[in-house]
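Architecture and fold: a report
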Amino acid sequence: MKHRRDRCVLCAVASPRSNPCLEARRAATGSSYDRWLSAQSSTMHTLVFLSTRQVLQCQPAACQALPLLPRELFPLLFKVAFMDKKTLVLRELVHTWPFPLLSFQQLLQECAHCSRALLQERLSTESMQAVILGLTARIHTRETEAGTQPLCRKHALRVLDMTGLLDDGVEQDPETMSMWDCTAAVARTCIAQQQGGTAEPGLSPVPVEIRVDLRVNRASYTFLREALQSSVASPLRLCCRDLRAEDLPMRNTVALLQLLDAGCLRRIDLRFNNLGLRGLSVIIPHVARFQHLASLRLHYVHGDSRQPSVDGEDNFRYFLAQMGRFMCLRELSMGSSLLSGRLDQLLSTLQRPLESLELAFCALLPEDLRFLAQSSHAAHLKKLDLSGNDLSGNQLTPFQGLLQAVATTLLHLELTECQLADAQLLATLPTLTRCASLRYLGLYGNPLSMAGLKELLRDSVVQAELRTVVHPFPVDCYEGLPWPPPASVLLEASINEEKFARVEAELHQLLLASGRAHVLWTTDIYGRLAADYFSL
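Source: prediction; values computed, not measured.

Attention now moves to the overall build of the protein chain. Each helix and strand counted, the protein chain has 21 helices and 13 strands in total. Per-residue burial over the protein chain gives 51% buried out of 536 residues. Sequence-distant contacts, at least 24 apart, represent 83% of the contacts inside the protein chain between residues at least 6 apart. With an accessible surface of roughly 24700 Å², the protein chain has 52% of that area assigned to carbon and sulfur atoms.

It is worth spelling out the packing of helix α11 (residues 221-230) against helix α12 (residues 250-259) at this point. At their nearest, the axes of α11 and α12 sit 10 Å apart, and the two run at 20 degrees to each other. One element, α11, and the other, α12, form an angle in the roughly parallel class. Every pair of crossing elements has a handedness; the one defined by α11 and α12 is left-handed. Only N252, A255, L256 and L259 of α12 make contact with α11, whose side of the interface consists of Y221, R225, L228 and Q229. Classifying every residue of the contact of α11 with α12 by side-chain character gives five nonpolar, two polar and one charged.

To continue, consider the state of the cysteines. Following the criterion strictly, the structure yields one disulfide and no others. Covalent S-S linkage joins C239 and C264, the inter-sulfur distance amounting to 2.1 Å. With the S-S dihedral at roughly -135 degrees, the linkage between C239 and C264 falls on the left-handed side. Here C239, found in strand β4 (residues 236-246), pairs with C264, found in the loop between α12 and β5 (267-271); they are 25 residues apart in sequence, far enough to count as distant. A residue is classified by how much of its surface remains accessible, and C264, at 22% relative accessible area, is partly exposed. A disulfide-free cysteine, C63 has its sulfur positioned 9.0 Å from the sulfur of C58, the nearest such atom. Here C114 stays free of any disulfide, with the sulfur of C111 as its closest cysteine sulfur at 5.5 Å. Exposure remark for C114: the relative accessible area of 0% places this residue in the buried category.

Viewed as axis vectors pointing N to C, helix α7 (residues 87-95) and helix α9 (residues 125-139) meet at an angle of 35 degrees, and their least axial separation amounts to 7 Å. For the element pair α7 and α9, the recorded crossing hand is right-handed. Between α7, through T87, L90, R91, V94 and H95, and α9, the contact on the second element is made entirely by E126, S127, A130, V131, L133, G134, L135, A137 and R138. Broken down by class, the residue content of the contact of α7 with α9 amounts to seven nonpolar, four polar and three charged.

Rules and cut-offs
Residues numbered from 1 in each chain as written. Predicted model: local features only at pLDDT ≥ 70, side-chain atom pairs only at ≥ 80, totals over all residues. Heavy atoms only, no water. Helix = DSSP H or I, 4+ residues; strand = E, 2+ residues; numbered from the N terminus. Buried < 20%, exposed > 50% of the residue type's maximum accessible area, 1.4 Å probe, protein only. Contact = heavy atoms within 4.5 Å. Areas by Shrake-Rupley, 256 points an atom, 1.4 Å probe, with all protein chains shown as cover. Axes fitted to C-alpha atoms, helices over the stretch in contact; angles between N-to-C directions. Parallel < 35°, antiparallel > 145°, perpendicular 65-115°, else oblique. Left-handed = near helix turned anticlockwise from the far one by under 90°. Nonpolar A, V, L, I, M, F, W, Y, C, P; charged D, E, K, R; others polar. Disulfide = S-S within 2.5 Å.

Have a look at this one:
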């Protein structure tokens, strides 16, 4: 009888009479995604996907059927349940997950059955909460009570990988979960598990490692610290991959770093902390213990430039000595740090060449650019950010030399607010277009005219890999600009919308005429366009 039931459940999925494709389309009126989906080609989804969606229409029945379905269907079931907010099914899937690893990056990506990449969207709060509830239920369930089949320790869930979630900085709506909210939800789950008391008799939960990217500020610091402390002896063990700490006092930053697993962390990002050299000299030895660290992002690292002191120089030398301890560092960001004439000291201490270097608003001098061009880093750089450094005067020639040095490997170039007018851009184009692998070019906030942009568009046709150009509003579209216009004026002054609409139309026609319609030319500097180093 059980055999007949198995067969009935599975055969009903793909029965021609049920017409899952038609039923799925009829049901596609409840969400904005489904309305969008109905306008797309039916070839986007396989019959297996559409059948899976049909099976999950009745959640109680689907939960009862899970033990009867092949394990191989669980990954697709998870994606469909997550996508369609089938929270009962999603919770039960996590509760009875039959594999050692449950990875968001693997399960929510574009796949052979569905072209929708959920990790590139702001994720549903309901779905995220269902995953956490399913995990909690699993921890509190005896091995022989999870579903109709025992949870064999050989196949028990050991790692829940929730890393890689979108954190675009855009204001969240009530139905989506930001990285800040996700951090709070996971942390509170770990705390609640530890405070839940002793385990029930006969309950010996298999520890689950929760891999997450953590975001912390003053408001969330206390409970995140408690969660990290609790997870040491808890069956839910918090493992941080990327840490971003914003506006956090120095002592709190150190306390968090001391609680993190040195083997898991790949990135530390300290934002808006205004550490200065003195504060950094206190924090940097705690950072340097993470020998597998691949990305270090620091900001506002400078002393009092009006009164240089012996202590300031000692702190800088100590910082350099600690930087020399990193063996795996591939990305370094030193935004808004005073590095004038000191770039050689900083980069010479590193053990291996960098692949990503961000030096935005660092007041770089010509000798800094010349050193970088001649250093071992130049031949390995995939991403370079020189935003906020004036490249229009005696910096232009060293900058062109640097471009020539990085041309073979460069994929991403950010030159926002670098005072590049038409003359400087045109002089740089022969070198810039040698960057044959370039995918992204950021030029926002530069005083370029429509004529300069058209010249850039024509010359960039030879760059076959180029996909995104973030350009400024042309100076032609402003009224009464001072010349040369400061970046602050370009960012704040109003533009003539009619003129800019004509500019956009002309650029679009040029792209079409050159066969480059797939290249995005935009003024949206806040969009999700700038690739993260780890995605290059």
